[in-house]
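# Coordinates in review
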Amino acid sequence: MTTGVLIVDDDELIRIGLRAILDAQPDLSVLAEAADGAEVPPLVARHRPDVVLMDVRMPGIDGIQATRHLLATSADPPRVLVVTTFANDEYVYEALRAGASGFLLKRARPSEVVEAVRVVAAGESLLFPAAIRQLVGAYGPAGGDRLRAARLTEREAEVLRLMTTGRSNPEIAAHLVVGVETVKTHVGNVLAKLGARDRTQAVIAAYESGFVTPSG
């Protein structure tokens, strides 16, 4: 199956470059392009992309607003992968909090762009633990009570702690000496209890609640 992608960036050269990279892959296809976040809702409704590559800083409707609106109004929203110049950027942090599944630097190599789209399209989060720690340490509010209200079991809390390190389900399963399906169940329970769309939002909630700290 082919993964459909919508590219949203106000820089035409960036759009051209991303299209060339993605369209060169047999399993990826760029369905449309947009130069402003305001164009996203109608293009998503028309083309039904699997992934939106979303520039975080744009005039008019920026990537944060566009992501928040898309995820709040679409019954089956695509995955959002933020594209940014700087990793340690408050805009990136707010886009992740709004529901983006990860971020990608504009200077990323073509192979990294392709792999990022595939990972996000598969339903995974593109987590960079060190970058998330840095972002939360710089911009994250402290003292949130989402973890306390979620009432995670001891095993669910252990799984969440391992999620914050960027471990995949198989890696968590190996660490806990349990089956991958068991881990998937625990991860699903954690996301449901936290009201998190995916692992990225769960990890951010863990940091903001003080469950784990940016300093380790």
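A short tour of the structure in this document, coming up. (Residues numbered from 1 in each chain as written. Predicted model: local features only at pLDDT ≥ 70, side-chain atom pairs only at ≥ 80, totals over all residues. Heavy atoms only, no water.)

## Focus on the nonpolar core
- L160, M163 and L194 are the most contacted members of the largest nonpolar core, which has 49 residues in total.
- Ranked by size, the runner-up nonpolar core spans 17 residues in total, among them L28, L53, L104 and A108. (Core = buried A, V, L, I, M, F, W, Y, C linked by side-chain atoms within 4.5 Å. Buried < 20%, exposed > 50% of the residue type's maximum accessible area, 1.4 Å probe, protein only.)

## Details of the packing of aromatic side chains
- Counting across every chain of the model gives 0 aromatic pairs.
- Its guanidinium or amino end placed over the ring of Y91, R57 lies 3.9 Å from that ring's centre, counting from NZ or CZ. (Phe/Tyr/Trp six-rings, centres within 6.5 Å; stacked < 30°, edge-to-face > 60°. Lys NZ or Arg CZ within 6 Å of the ring centre and 35° of its normal.)

## Structural notes on the pattern of salt bridges
- Taken as a whole, this structure holds 13 salt bridges when the rule is applied.
- Note that R19 is salt-bridged to E33, the shortest N-O span being 2.6 Å. Of this pair, R19 sits in helix 1 (residues 12-23) while E33 sits in strand 2 (residues 28-34), placing them 14 residues apart in sequence.
- A relative accessible area of 28% places R19 in the partly exposed class.
- Take E33: its relative accessible area is 28%, and that puts it in the partly exposed class.
- A salt bridge links R155 to E158; the nearest nitrogen and oxygen atoms lie 3.1 Å apart. In this pair, R155 and E158 are both assigned in helix 8 (residues 154-163), 3 residues apart and thus about one turn of the helix distant.
- One network of salt bridges, with partners in common, ties together R15, R19, D23 and E33. (Salt bridge = Lys/Arg side-chain N within 4 Å of Asp/Glu carboxyl O. Helix = DSSP H or I, 4+ residues; strand = E, 2+ residues; numbered from the N terminus.)

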